[in-house]
Amino acid sequence: MTDLSARTVAFYGVGAMGSALLAALVGGDHPADQVVAVDAHPPALDRLREAYAVRTTSDLAEAARAADVHVVAVKPGDVPGLLATLAEHLGGDDLVVSVAAGVTSQALEEALPDDVAVVRVMPNTPALVGQGMAVVSPGSRCSEEQLELAQRVLAPSGQVLALPEKHLDAVTGVSGSGPAYAFYLAEAMTEGGVLQGLPREVAATLAAQTLLGAATMLVEGEDSPSVLRERVSSPGGTTMAALAELDERAVRAAVVAAVRRATERSAELGRAR
Ligand SMILES: NC(=O)c1ccc[n+]([C@@H]2O[C@H](COP(=O)([O-])OP(=O)(O)OC[C@H]3O[C@@H](n4cnc5c(N)ncnc54)[C@H](OP(=O)(O)O)[C@@H]3O)[C@@H](O)[C@H]2O)c1
């Protein structure tokens with residue numbers, strides 16, 4: 001079951017997220033003729049067929065019959081309609097992997113035949129550049145092998161972790177919404193540089209490359225953020241002066257509160273669906 005190379009993967013919805021996951025999967029050596037793209041927009045399908053030589057169709061039933069792994073990547077509001085059609089064609093060994101925000105595995109399972117396993121995923125936008133952070137949560141009838149299969153579908157687009165579904169709202173607060181926090185910091189650093197006389201483009205480059213470098217040190221090294229921060233903060237120096245200003249303005253507390261609000265909002269939106 002865990003041998004993905006023998007499986008056909010269908011992507012239902014190839015907008016921003018679906019096409020990013022598809023492109024990474026094909027780039028990660030999954031055979032293009034074992035990937036099916038399905039979308040309501042023919043131009044999106046034409047683009048993917050030309051770029052990656054994958055199979056394309058706007059016929060849900062045809063894709064459902066052809067595939068073993070079914071990646072649901074339509075907007076959350078479109079999920080019930082999509083599953084109502086898929087339910088007529090899925091069964092047995094089929095695995096449904098949903099990236100739709102706020103749609104619980106219970107809701108997915110209720111909309112599908114009893115023998116179809118589901119995995120719910122919270123991805124993030126850096127999947128578009130192969131640096132995503134995805135967390136997968138197994139539904140109630142998902143086996144270890146099926147969870148591993150879902151992880152293999154997502155692995156080419158970045159890092160993948162498995163966690164129980166009760167953590168997905170907090171995951172949304174940290175990594176789902178997190179890219180926006182990093183963009184916000186990049187905007188603020190750029191603004192600061194411009195105010196100190198740097199040309200805007202230069203300040204933007206300095207900010208972006210600094211975030212990339214710092215993130216690479218975090219991901220590739222063994223040291224915690226605190227250790228890395230202390231190492232660049234010499235007593236009485238420039239970095240200490242800047243960090244004292246951030247503490248004075250309670251920026252750390254603001255970020256902690258922002259993650260809490262995003263987590264709460266994710267739970268609210270999930271209840272509303
Ligand atoms: N983008 C992100 O950063 C991100 C992060 C985490 C999770 N997600 C999740 O990823 C999912 C997709 O988001 P997105 O930003 O990629 O959305 P998107 O760009 O709107 O892409 C969805 C695509 O699916 C098509 N579609 C809708 N219903 C369909 C159906 N029944 N059959 C075939 N195609 C259908 C849509 O066509 P129409 O435009 O005609 O409806 C659209 O082209 C969402 O559920 C979202 O919660 C996204």
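Residues numbered from 1 in each chain as written. Predicted model: local features only at pLDDT ≥ 70, side-chain atom pairs only at ≥ 80, totals over all residues. Heavy atoms only, no water.

Taken together, the side chains of Leu-198, Val-202 and Leu-206 make up a nonpolar region of the molecular surface, amounting to roughly 230 Å² of accessible area. Mapped onto the elements, Val-202 comes out in helix α9 (residues 200-220). (Patch = residues over 30% accessible without salt bridge, like charges linked within 9 Å, V, L, I, M, F, W, Y side chains within 5 Å. Areas by Shrake-Rupley, 256 points an atom, 1.4 Å probe, with all protein chains shown as cover. Salt bridge = Lys/Arg side-chain N within 4 Å of Asp/Glu carboxyl O. Helix = DSSP H or I, 4+ residues; strand = E, 2+ residues; numbered from the N terminus.)

What follows deals with the site of the ligand. Taken together, 18 residues surround the ligand, and among them Met-17, His-41, Val-74, Ala-101 and Thr-125 come closest. Within the backbone of Met-17, a nitrogen or oxygen atom sits 2.8 Å from an oxygen atom of the ligand. Here a nitrogen atom of the ligand sits 3.2 Å away from a polar atom, N or O, in the main chain of Ala-40. Compared with its free state, where it exposes 900 Å², the ligand has 74% of that area covered by protein. Here the residues of the shell around the ligand are counted per class, giving 11 nonpolar, 4 polar and 3 charged. (Near = heavy atom within 4 Å. Polar contact = N/O pair within 3.5 Å; in protein donor to acceptor, adjacent residues only side chain to side chain. Nonpolar A, V, L, I, M, F, W, Y, C, P; charged D, E, K, R; others polar.)

Turning our eyes to something else, we now look at helix α4 (residues 79-86). Every buried residue of α4 is accounted for by Val-79, Leu-82, Leu-83 and Leu-86. Looking straight down α4, one finds its buried side chains confined to an arc of 95 degrees; they lie on one side. Those residues of α4 hidden inside the fold are in contact with β1 (9-12), α3 (60-66), β4 (69-72) and α5 (105-110). (Buried < 20%, exposed > 50% of the residue type's maximum accessible area, 1.4 Å probe, protein only. Arc of directions from axis to C-beta. Contact = heavy atoms within 4.5 Å.)

Turning our eyes to something else, we now look at the pattern of salt bridges. Enumeration according to the criterion identifies 10 salt bridges in this entry. Across the pair Arg-261 and Glu-268 runs a salt bridge whose closest N-O atoms are separated by 3.7 Å. Residue Glu-268 is classed as partly exposed on the basis of its relative accessible area, which comes to 30%.

The N-to-C vectors of helix α1 (residues 16-27) and helix α2 (residues 42-52) enclose an angle of 15 degrees; their axes lie 11 Å apart at closest approach. Between α1 and α2, the crossing angle belongs to the class labelled roughly parallel. Of the two possible hands of crossing, α1 and α2 adopt the one that is right-handed. Facing α1, whose interface residues are Ser-19, Leu-22, Ala-23 and Val-26, α2 presents Arg-47, Leu-48 and Tyr-52. Split by residue class, the contact of α1 with α2 holds 5 nonpolar, 1 polar and 1 charged. (Axes fitted to C-alpha atoms, helices over the stretch in contact; angles between N-to-C directions. Parallel < 35°, antiparallel > 145°, perpendicular 65-115°, else oblique. Left-handed = near helix turned anticlockwise from the far one by under 90°.)

Judged by nonpolar contacts, the single largest core of 35 residues is most densely connected at Val-9, Phe-11, Val-14, Leu-22, Val-54, Val-119 and Val-121. Among residues more than four places away in sequence, those in contact with Val-14 are Ser-19, Leu-22, Ala-37, Val-38, Asp-39, Ala-44, Leu-45, Arg-47 and Leu-48. Judged by nonpolar contacts, the second largest core, of 20 residues, contains Val-38, Leu-86, Val-96 and Val-118. (Core = buried A, V, L, I, M, F, W, Y, C linked by side-chain atoms within 4.5 Å.)

Let us now look at the domain arrangement of the protein. Here the protein is partitioned into domain 1 (4-165) and domain 2 (176-272). One C-alpha centre belongs to domain 1, the other to domain 2, and the line joining them spans 32 Å. (Domains from an automatic or database assignment.)

For strand β6 (residues 117-122), the buried fraction is high: 6 of the 6 residues fall into the buried class. Side chains of β6 alternate between two faces, with Ala-117, Val-119 and Val-121 and Val-118, Arg-120 and Met-122 buried alike. Sheet topology places strand β5 (residues 95-98) next to β6; 4 bridges connect them, and they run parallel. Of the residues in β6, the one forming a bridge with Val-96 is Val-118. Crossover handedness for the path β5 to α5 to β6: right-handed. Bridge count for β6 against strand β7 (residues 132-138) is 4 bridges, and the pairing is antiparallel. Each bridged residue has a counterpart across the sheet, and for Met-122 the counterpart in β7 is Val-135. (Pairing = 2+ DSSP bridges. Right-handed = clockwise from strand over helix to strand, strands pointing away.)

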